[in-house]
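In case you want the letters, here they are:
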Amino acid sequence: GAVVSQHPSWVICKSGTSVKIECRSLDFQATTMFWYRQFPKQSLMLMATSNEGSKATYEQGVEKDKFLINHASLTLSTLTVTSAHPEDSSFYICSAQQQSTDTQYFGPGTRLTVL
Amino acid sequence: AQSVSQHNHHVILSEAASLELGCNYSYGGTVNLFWYVQYPGQHLQLLLKYFSGDPLVKGIKGFEAEFIKSKFSFNLRKPSVQWSDTAEYFCAVTGPSGGGADGLTFGKGTHLIIQP
């Protein structure tokens, strides 16, 4: 149980384009999901908290207009990187909060490369 | 703001050796503590967690961790490691609001290599 998937697992895009990443909780409902970013050989940094049916909460320094988050259902959150630039290249990881255990379960991540 | 420090960035051990990975956090209020493991090419998996109660918690694969509030520590231990324990280990904390749906603050991770 407690499986979280992400799609796509990797994506390459041109500078200036937008990319959408999906995060799904497969066997539980998640009112809250989180988006993290991991730079090479570094730890995960929380970008934003995604709440079903309401606006996301962004961490300090994260541009909400650049990283659009939508949490339209209890099993799906999406992160759209708008007008992507090479510095947005990174590993994006989502997690879903399982309410019954107060524990976050992580997706496999999405490798974004912006050319 | 909460911060988490992991003392060892790289650890190399031989099989059957004992393991202890250090983790300290900064906030003194109510926190939830976690250890996650990331095996090569795989996603983060929960090893164990502490919310309250017995400060010695047992997780999967023979791992355990001890919460020492006075030291703001949550060290991970395993009495006898195996080659398959080679992975990246992350300590993480939620808070300071103390739980619920809080984002995790991660340490920088410890890269553990077990030599056969």
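Since the model is a prediction, treat every value here as computed from it, not as a measurement. (Residues numbered from 1 in each chain as written. Chains lettered and ligands numbered in written order. Predicted model: local features only at pLDDT ≥ 70, side-chain atom pairs only at ≥ 80, totals over all residues. Heavy atoms only, no water.)

Overview of the overall build of chain B
Part 1 of the reasoning: Within chain B one finds zero helices and 12 strands.
Part 2 of the reasoning: Ordered by position from the N terminus, the helices and strands of chain B form the series β-β-β-β-β-β-β-β-β-β-β-β.
Part 3 of the reasoning: Here the C-alpha radius of gyration of chain B, 14 Å, is about what a compact globule of 116 residues would show, namely 13 Å.
Part 4 of the reasoning: A principal-axis box enclosing the C-alpha atoms of chain B has dimensions of 45 × 30 × 20 Å.
Part 5 of the reasoning: Counting the 116 residues in chain B, one finds 47% classified as buried.
Part 6 of the reasoning: Within chain B, contacts between residues separated by at least 24 positions form 56% of all contacts whose residues are at least 6 apart in sequence.
Part 7 of the reasoning: Side chains of chain B give 8 positive and 8 negative charges; the mean places of these two sets differ by 3 Å. (Helix = DSSP H or I, 4+ residues; strand = E, 2+ residues; numbered from the N terminus. Rg over C-alpha atoms; globule rule 2.2 N^0.38 Å. Buried < 20%, exposed > 50% of the residue type's maximum accessible area, 1.4 Å probe, protein only. Contact = heavy atoms within 4.5 Å. Lys, Arg positive; Asp, Glu negative; His and termini not counted. Charge placed at Lys NZ, Arg CZ, Asp CG, Glu CD.)

Thoughts on the interface of chain A and chain B
Part 1 of the reasoning: Contacts between the two partners involve 16 residues from chain A and, on the opposite side, 17 residues from chain B.
Part 2 of the reasoning: Across the interface of chain A and chain B, roughly 1400 Å² is buried in total on both sides, 58% from carbon and sulfur atoms.
Part 3 of the reasoning: Summed over the three residues of chain A that lose the most area to chain B, namely Ser43(A), Asp102(A) and Phe106(A), the buried surface amounts to 34% of that side.
Part 4 of the reasoning: Here chain A and chain B share zero salt bridges between them.
Part 5 of the reasoning: Put simply, chain A and chain B have six residue pairs in polar contact (both at pLDDT 80 or more) between them.
Part 6 of the reasoning: Along the lines of polarity and charge, the residues of the side of chain A that touches chain B split into seven nonpolar, eight polar and one charged. (Buried area = accessible area lost by both parts, 1.4 Å probe. Salt bridge = Lys/Arg side-chain N within 4 Å of Asp/Glu carboxyl O. Polar contact = N/O pair within 3.5 Å; in protein donor to acceptor, adjacent residues only side chain to side chain. Nonpolar A, V, L, I, M, F, W, Y, C, P; charged D, E, K, R; others polar.)

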